[in-house]
Each structure stands twice: as structure tokens, then as C-alpha cells.
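If you want the building blocks of each chain, they are given just below.
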Amino acid sequence: MTAGRSAPPPMAEITVGDLVVEPRLGMKLQRLAGEAGLGRPIRHPRIQKSGLALAGHYFGVVPTRIQVLGETELSFLESMDLDARGVAARGFFSLGLSCVVVTRRGEIPRALIQAAEATGTPLFQSDARSSRTINELHAFLDEKLAPTTSLHGVLVDVFGIGLLLLGKSGIGKSECAVELVLRGHRLVADDVVRCEWRPPGMVFGAPADVLRHHVEVRGLGVLNIKDLFGVTAIRERKRIDMVVQLDEWDEKKEYDRLGVDDRFLEILNTPIRLVIVPVRPGRDMGAMLEMAARDELLRRAGKHSARELLSRLEENAGLAPQVAIEDQPESIVRAPVSVSVAPPAPNSSVARPDPAQGWHDSDSRQPAASVHESGPPGRLGIREGASHESSAWIPAVRPKGKE
């Protein structure tokens, strides 16, 4: 599977009532009207400021988004006469809006309250300015409306890389997590990993509330990592950067030995790089996972070890013939092969005396004129016209076009 552009998965939804009772919102919302509409859904993580809707232009208004009216919109509304103000307010609230938040601390135009109550649209007044109100609402909606899923696995933070360990039950995921914690890394979640999608295309993992900070190790039972190793050994949430699939070693199965081509696993429509690591007794899985995290850091820095090695091999393979023949100086290509002046081995063909080759006598076994100086000073060459059986006399490199 190849990496593609991340497509946002379907969003969740909450009700307006959930928005009001949220203690982590960071601001206070006072309801002014529209209690009957507290069950209306909110399905979009971004708010909308539809000032033109008060002027009768309703194009682009999304009813399931929170509508915010700031000082600019209210001043425009107050510039109208009473009748026009009522028409503008009724037209805006008749769109079936989820809710409307007004960011003025002072008095709110009566026309807005009446229109909200008549249409059953929740109307709130914020105690913060528009910029802060929008930021708080975005943070709240990003968390509440984020697409989520749960996976059976272990999530650890290794050198800042979020490693999601997957594999069948009993393969050793929790043991790997404990080993990494002993090496100074951090546990995020064990057994159940809650995954959340966040824009622009990231997946974050967090533990289930009940299993937070705990690891189950067969033979030892359930361990509290925070109590055993302290707060530096755990994380509450981490982005998933890499998926490691742990498989039992199978001699008949082919495993990737180069790492040139990348694999990806889609989580919430987001492709995340996948590596498959075989597990067998004797393998140091802690070291293997640390190497995987280090390699991911190198890839993000622009260094791909496997592809760089393959490029060098291809380059050398393509240039080897030209380097051996074309790139050598003419004197080296045509120079005779030098030989040693040491006596030949007794059982070699050169050691046998041959009158035709000009041997003086069998005792000295020294040729009369077969070795002479040739080429640069200090080098020994072969006398032209001499015939020898040894392949050592054949030139190692032949000029191009000559056989």
C-alpha cells in the first residue's frame, strides 16, 4: 500500500447541552433564550461568523456550526430601525441553527432574544471577547468532534517517535513496552489504544481511562508504570508516527531485507508507515524498536539509508566498465603486465627448461632474455614475441574495440 493524501474521516457530533456543561471550556456561557433547543446537534469543529446573514444574505450558512455574533455584527444590527432589526433577527434564527453565541458583555439587542425564543434556538452570551471565545470553542470542538477508533496494541514514545505495536495476543507487545521503559522511554497506552484524528491529517493515541498507566505482563500481572518508574515514564497522549507489526518468525515467509519500499497502514483514513518485524527467541526486541525509531528520525531528516545504498550500487554497476577501460591513461592500458623476479614454482610450466625459449641451463632455471626492463624505470615487462602458458601474461584490461 502506498501513501496517499489523508482524507478527513466522518466527524462525530455533540449536542448543545454538552457544550454548556463542559467544565474544560475555559469560559462561561450564559444562556439567554432557546432552552427547547439544547438537544440540537453540533457536527462541525469550526465556528462561523455570518454577518451578512443579518443583511438577508444566507448563502454559505451551515446550521450545524456554532454561530458567533461579535461587536461588529451587533453594531450593524443596532444601526437599523426597530422593524428592520426584528426582520433581520427572525430571518437569521429561522435557519434552524444549532446555537448562537454573542460575545458582547453589555446589553444584547432585544430582537435577538425574542427571535431565539420564538424559534427554539439556544442563544448564549460569552464573558470573553470574540477572539478568545473562538479559540476556546475550536479547542473544545476539536476534541469532542474528533473521529475516534480503538485498536488492540501498545503505544510507546521512543526518542520522540510514537511507535504503535500491533500483533496477536501473547506475541510480546507489553514485554517490549516494559523493556523500552527500562531503557528510558515512555509508555502511552497498553492493550487498548484510543485513536483520534486531528487536522491536517494526524492520528493521536491515548490510553483508555480505566487502563491508564497500567501494563499487563504474563506471569507478573498488572503493573502500574507510573508508580514503578515515576511520571517521566508515561505520557498521556502521543501522535502515532509509525506502526510496528510483530509477527512470529516463519522460515518459509519472506521478510523485507532492504527496506527500499515503504508500506503503510491506514488508521482513520490516514496512512502511517508500517514495518513488519519477526519475533523469535534470542532477538533483542528493545534494540530493534529503538533502531526503528532512529531510522524514522533519519527519514524525516531526509536520509533514507536503503535507497542511498541502492543508488550507490546502481551507480557503481553502471560506471564499472567505463572506469576499467575508458578512464585509464593510454600508457596504463597498453603497458605490459609486470611480473615478479622471484623464481617460478617448481611445478609450473615456466619452471621447465625449454631451449626454444632461450634457457641457458637447467640448473640456473633463469631465462636469457624473457624478462627485460620496459615502460617506466624500475618496472619489469615481457619480451615481445615470447610465448607463455600462464594466464598471468594476459593483460587485465583490453582497449575498447580490440579483442
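Presented here is a report on the structure given in the accompanying data block. If you're wondering where the values come from, they're calculated on a predicted model, not measured in any experiment.

What about the pairing of strand β7 (residues 148-158)?
Alright, step 1. Bridging between β7 and strand β9 (residues 186-198) involves ten bridges; their strand directions are antiparallel. Residue pairing in the sheet places Val156 in a bridge with Leu187 of β9.

Concerning the packing of aromatic side chains
Alright, step 1. Here the structure, examined in full by the defined rule, presents two aromatic pairs.
Alright, step 2. Between the aromatic rings of Phe92 and Phe93, the centroid separation amounts to 5.5 Å while the plane-to-plane angle is 80 degrees, which identifies the pairing as edge-to-face. The same class applies to Phe92 as to Phe93, namely buried.
Alright, step 3. On the basis of an interplanar angle of 35 degrees and a centroid distance of 5.7 Å, the ring pair of Trp249 and Tyr255 is categorised as tilted.
Alright, step 4. Trp249 sits in the partly exposed class, given a relative accessible area of 34%.
Alright, step 5. Of the residues examined, Tyr255 reaches a relative accessible area of 16% and is grouped as buried.
Alright, step 6. Between the NZ or CZ atom of Arg237 and the centre of the ring of Phe204, over which it lies, the distance is 4.5 Å.

Some words on the nonpolar core
Alright, step 1. Membership of the largest hydrophobic core comes to 29 residues, with the highest contact counts inside it found for Val156, Leu163, Leu187, Val244 and Leu246.
Alright, step 2. Broken down by secondary-structure element, the contributors of at least two residues to this core are β7, β8 (161-166), α6 (173-182), β11 (214-217), β14 (242-248), β16 (270-279) and α8 (285-300).
Alright, step 3. Looking at this core element by element, the count peaks at five residues for α6.
Alright, step 4. Residues in contact with Leu163, not counting those within four places in the same chain, are Val154, Leu155, Val156, Val158, Met242, Val244, Leu289 and Ala293.

Digging into unusual backbone geometry
Alright, step 1. Cis geometry marks the peptide bond from Pro199 to Pro200, where omega comes out at 5 degrees.
Alright, step 2. Its location among the elements puts Pro200 in the loop between β9 and β10 (202-207).
Alright, step 3. Despite not being glycine, Asp191 has its phi angle at roughly 75 degrees, a positive value.
Alright, step 4. Its location among the elements puts Asp191 in strand β9.
Alright, step 5. With relative accessibility at 31%, the residue Asp191 sits in the partly exposed group.

A look at the sheet that holds β9
Alright, step 1. Read across the open sheet, the eight strands follow the order β13-β10-β9-β7-β8-β14-β16-β15; overall the sheet is mixed. A single partner strand is all that each edge strand has here, and the edge strands are β13 (238-239) and β15 (263-267).
Alright, step 2. Across the sheet, α6 touches β7, β8, β9 and β14, and the angle it forms with β7 is around 35 degrees.

Observations concerning the sheet that holds strand β5 (residues 100-102)
Paired through their backbone hydrogen bonds, the strands of a sheet run either parallel or antiparallel.
Alright, step 1. Strand order across the open sheet formed by four strands is β2-β6-β5-β4, with mixed pairing between neighbours. A single partner strand is all that each edge strand has here, and the edge strands are β2 (29-33) and β4 (67-69). Each adjacent strand pair in this sheet contributes to an overall mean axis angle of 30 degrees, direction not counted.
Alright, step 2. When β4 meets β5, the two strands line up parallel, connected through three bridges. From the neighbouring strand, Val68 faces β5, where its bridge partner is Val101.
Alright, step 3. Each of β2, β4 and β6 (123-126) touches helix α4 (residues 110-119); the most contacted strand, β2, lies at about 75 degrees to it.

Concerning the environment of Ser98
Alright, step 1. Along the chain, Ser98 falls in the loop between α3 (82-93) and β5.
Alright, step 2. Taking relative accessible area as the criterion, Ser98 reaches 3% and is therefore assigned buried.
Alright, step 3. Distance from Ser98 to Gly39, taken between C-alpha atoms, is 8.8 Å for residues 59 residues apart in sequence.
Alright, step 4. Leaving out residues up to four positions away in the same chain, Ser98 has contacts with Val16, Gly37, Arg40, Pro41, Ile42, Pro63, Thr64, Arg65 and Pro122.
Alright, step 5. Among the polar contacts listed, one links the side chain of Ser98 to the backbone oxygen of Pro41, at a separation of 2.6 Å.

Focus: the packing of α6 against α8
Alright, step 1. Two elements in contact, α6 and α8, have axes separated by 9 Å at closest approach and are oriented at 75 degrees. If you check the angle between α6 and α8, you find them roughly perpendicular. Between α6, through Cys176, Glu179 and Leu180, and α8, the contact on the second element is made entirely by Met285, Gly286, Leu289 and Glu290.
Alright, step 2. Residues of the contact of α6 with α8, tallied by class, amount to four nonpolar, one polar and two charged.

What to know about the packing of α3 against α4
Packed helix pairs are characterised by how far apart their axes lie and by the angle those axes make with each other.
Alright, step 1. The interhelical angle for the contact between α3 and α4, taken along N-to-C directions, is 35 degrees, at an axis separation of 9 Å. As for the relative orientation of α3 and α4, their crossing is right-handed in sense. Of the residues in α4, those touching α3 at Arg85, Gly86, Ala89, Arg90 and Phe93 are Ala111, Leu112, Ala115, Ala116 and Thr119.
Alright, step 2. Grouping the constituent residues of the contact of α3 with α4 by class yields six nonpolar, two polar and two charged.

Thresholds applied
- Residues numbered from 1 in each chain as written.
- Predicted model: local features only at pLDDT ≥ 70, side-chain atom pairs only at ≥ 80, totals over all residues.
- Heavy atoms only, no water.
- Pairing = 2+ DSSP bridges.
- Helix = DSSP H or I, 4+ residues; strand = E, 2+ residues; numbered from the N terminus.
- Phe/Tyr/Trp six-rings, centres within 6.5 Å; stacked < 30°, edge-to-face > 60°.
- Buried < 20%, exposed > 50% of the residue type's maximum accessible area, 1.4 Å probe, protein only.
- Lys NZ or Arg CZ within 6 Å of the ring centre and 35° of its normal.
- Core = buried A, V, L, I, M, F, W, Y, C linked by side-chain atoms within 4.5 Å.
- Contact = heavy atoms within 4.5 Å.
- Axes fitted to C-alpha atoms, helices over the stretch in contact; angles between N-to-C directions.
- Polar contact = N/O pair within 3.5 Å; in protein donor to acceptor, adjacent residues only side chain to side chain.
- Parallel < 35°, antiparallel > 145°, perpendicular 65-115°, else oblique.
- Nonpolar A, V, L, I, M, F, W, Y, C, P; charged D, E, K, R; others polar.
- Left-handed = near helix turned anticlockwise from the far one by under 90°.

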